[in-house]
Amino acid sequence: MGERRVAVRVTPDALRQVRGGHPWVFDRSVTSVSHDGAPGDLAVVFDGSRRFVAIGLYDPTSPIRVRVLYHGAPATIDDGWWRDRLRIAFAHRRALGDDGRTNAYRLVHGENDGFPGLIVDRYDATLVVKAYSTAWLAHMRAVVGALDELASPDRVVLRLGRAARIEAPHLDGVALVGELPAEPVPFLEHGLSFEADVVHGQKTGHFLDQRDNRARVGRLSRDKRVLDVFACTGGFSVHAAAGGAVAVTSVDQSAPALATARRNMVRNVDRPAVRACHHDTVTGDAFDVLEGLVRRGERFDVVVVDPPSFASRRASVPAALHAYGRLAGLAVRVTEHGGVVVQMSCSSRISAEELETSVQRAARGAGRPLDVFERTGQPLDHPIGFPEGAYLKAVYAHVR
Ligand SMILES: C[S@@+](CC[C@H](N)C(=O)[O-])C[C@H]1O[C@@H](n2cnc3c(N)ncnc32)[C@H](O)[C@@H]1O
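Each residue is numbered by its place in its chain's sequence as written, counting from 1. Only residues with pLDDT of 70 or above have their local features reported here, since the model is predicted, and side-chain atom pairs are shown and tallied only from 80 upward, although totals for entire chains, interfaces and linings are computed over all residues. No hydrogens and no water enter the side-chain calculation; it runs on all heavy atoms of the structure.

A. Expanded view of the overall build of the protein. Secondary structure follows DSSP: runs of H or I at least 4 residues long count as helices, runs of E at least 2 residues long count as strands, and numbering of each begins at the N terminus. Per the secondary structure count, the protein includes 11 helices and 20 strands. Note on method: radius of gyration uses C-alpha positions; expected globular size equals 2.2 Å times residues raised to 0.38. Scaling as 2.2 N^0.38, a compact globule of 400 residues should have a C-alpha radius of gyration of about 21 Å, and the protein matches this with 22 Å. A principal-axis box enclosing the C-alpha atoms of the protein has dimensions of 65 × 45 × 35 Å. Relative accessibility decides the category of a residue: with a 1.4 Å probe and only protein chains considered, values under 20% of the type maximum give buried, values over 50% give exposed, and everything between is partly exposed. When burial is assessed residue by residue, the protein has 55% of its 400 residues classed as buried. By definition in these notes, contact holds between two residues if any of their heavy atoms fall within 4.5 Å. Expressed as a percentage of contacts within the protein between residues at least 6 apart in sequence, the contacts between residues at least 24 apart total 63%. Of the roughly 17,100 Å² that the protein leaves accessible, carbon and sulfur atoms contribute 50%. Neither His nor the chain ends contribute to the count of charged residues, in which Lys and Arg are positive and Asp and Glu negative. Every charge is mapped onto a representative atom, which is NZ of Lys, CZ of Arg, CG of Asp or CD of Glu. The average position of the 51 basic charges and that of the 47 acidic charges among the side chains of the protein differ by 4 Å. The accessible surface values rely on the Shrake-Rupley method and a 1.4 Å probe; as for residues, cover is taken only from the protein chains in view.

Here's what the structure looks like:
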């Protein structure tokens, strides 16, 4: 398990990339392998002079043929290795939750923490490990053993990304430590109460990366009517209500996600601001819902637009930019003059500049130019270890 090794030779360009710290070797860059390896075998990348370049996880089923764990000097990947890497990742999160108001965050952010294709999210005493490649299954015992030792969780739940789920569907949503929770797992985000369906929910149950943007939106929401488009489980909606919004409308195509959003709102009704806020949810396609709101002449003071990644492939970047622009054009039409639009992109292939340009162009096209007042990225628990790691962008703007 995992001790089997495959010697891999790659193109000069891939060699340069790996030596520069890039964590992926694509199948098209592999020039030779010593033998047919299995997912999770350790791949050792050599240069033309048979010198060690990097060690990683081999995955013959993925276009990312090698996920690099380490480059430079030869390294032994054993239980101690995983423990040391986890210790470093944990240390980088230490400041989070020091005030006792947040107990859910990303403990391991894939490539950016030296675990390419593996996520570990913490929801209080529950850890969710999400593997995006079955290469990780061969190392799961060692990784989960180290997690157990360092974090002493009540339970560890395994989730699989889409490609891994196709290969091993029976392993998605199983408990690796303890038992599966009978109910969604409660947790705190900036002092507000939420629940996450860690077994069936999207990603690991909650989009933890928007924590700081939600707090910002909360601070902008006093006495405002807020529209939360792509609301999912209502992170922005609940922070807006707690921040003093008079009304919040949450829009998403997922009925189960909106059911969670409603429960998340109810979890916080001990706060007078949340109790006083009128909350409604609309299930449907965001574009259709926004067009309906435009037709009816409805207006909001704060509009949050947090779509899924529209550019999962390089070829879809132009279509993604068009979709961001379309959304922004609709968003400004339903925003009061002087109101705030917050447009996000979670696509690593779209730069902050491209997002802002497409949003500005669409807003001007709608006759409502924007004055940008803030640009943000990812929070502390989502470090950026390589260019593609910088995926989250947000633009905050006033409608002129
Ligand atoms: C990035 S997540 C949003 C996260 C959310 N804002 C939060 O703070 O937790 C994207 C959401 O878009 C929803 N979605 C995807 N396509 C959609 C569409 N065409 N119309 C409405 N919702 C959609 C998904 O169900 C998902 O909840």
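B. Seen up close, the site of the ligand. If a single non-hydrogen atom of a residue is within 4 Å of a molecule or strand, that residue counts as near it. In the region of the ligand, 16 residues are neighbours, and Phe230, Asp252, Asp285, Ala286 and Asp306 sit closest. Take Arg214: an N or O atom from its side chain is 2.9 Å from an oxygen atom of the ligand. We call two N or O atoms a polar contact when they sit within 3.5 Å, provided that within protein one can donate a hydrogen and the other can accept it, with sequence-adjacent residues counted only if both atoms are side-chain atoms. Residue Asp285 places a side-chain N or O atom 2.8 Å away from a nitrogen atom belonging to the ligand. Against a free-state accessible area of 600 Å², the protein chains account for coverage of 92% of the ligand. Here the shell around the ligand is built from residues that sort into 8 nonpolar, 4 polar and 4 charged. Under the convention adopted here, Pro, Cys and the residues Ala, Val, Leu, Ile, Met, Phe, Trp and Tyr are nonpolar, Asp, Glu, Lys and Arg are charged, and Gly plus all remaining residues are polar.

C. Broad picture of the sheet that holds strand S20 (residues 393-399). Taken in spatial order, the 7 strands make up an open sheet running S16-S15-S14-S17-S18-S20-S19, and their pairing is mixed. In this open sheet, the two edge strands, each paired with only one partner strand, are strand S16 (278-283) and strand S19 (370-376). Neighbour to neighbour, the strand axes of the sheet diverge by 15 degrees on average, direction disregarded. We call two strands paired when DSSP finds no fewer than two bridges between them. Strand direction decides the pairing type here: strand S18 (residues 335-345) and S20, joined by 6 bridges, are antiparallel. Counted as the bridge partner of Ser345 is Lys393 from S20. Between N-to-C directions, angles span 0 to 180 degrees; the directions come from axes that are lines fitted to C-alpha atoms, helices contributing only their stretch in contact. Sitting on the sheet, helix H5 (residues 211-219) touches strand S17 (300-305), S18, S19 and S20, and the angle it makes with S20 is about 15 degrees. Helix-sheet contacts for helix H11 (residues 352-365) involve S18, S19 and S20, and the interaxial angle to S19 is about 160 degrees.

D. Structural context of the side chain of Asp306. Take Asp306: it is sitting in the loop between S17 and helix H10 (317-333). Of the side chains with opposite charge, Arg214 comes closest to the buried, unpaired Asp306, at an N-O distance of 6.0 Å. A distance of 3.2 Å separates the side chain of Asp306 from the side chain of Gln210, its partner in a polar contact. When sequence neighbours within four positions are dropped, the list of residues in contact with Asp306 reads Gln210, Val229, Phe230, Phe236 and Met344. Salt bridges are counted wherever a side-chain nitrogen of Lys or Arg sits within 4 Å of a carboxyl oxygen of Asp or Glu.

E. Summary view of the environment of Ala142. Tracing the backbone through its elements, the reader meets Ala142 in helix H3 (residues 140-151). Placed 61 residues apart in sequence, Ala142 and Trp81 show a C-alpha to C-alpha distance of 9.5 Å. Discounting chain neighbours no more than four positions away, the residues touching Ala142 are Asp79 and Trp82.

F. Representation of the pattern of salt bridges within the structure. Counting across every chain of the model gives 23 salt bridges. Across the pair Arg4 and Asp41 runs a salt bridge whose closest N-O atoms are separated by 3.2 Å. In this pair, Arg4 sits in the segment before strand S1 (5-10) while Asp41 sits in the loop between strand S3 (30-33) and strand S4 (42-46), placing the two residues 37 residues apart along the sequence. When its relative accessible area of 45% is taken as the criterion, Arg4 is described as partly exposed. For Asp41, a relative accessible area of 3% gives the class buried. For Arg267, the salt bridge identified is with Glu195, shortest N-O distance 3.3 Å. Of this pair, Arg267 sits in the loop between helix H7 (255-266) and helix H8 (272-276) while Glu195 sits in strand S13 (residues 192-196), and the two are 72 residues apart along the sequence. By relative accessible area, which is 6% here, Glu195 ends up buried. Because the salt bridges share partners, they merge into one network encompassing Arg19, Asp47 and Arg51.

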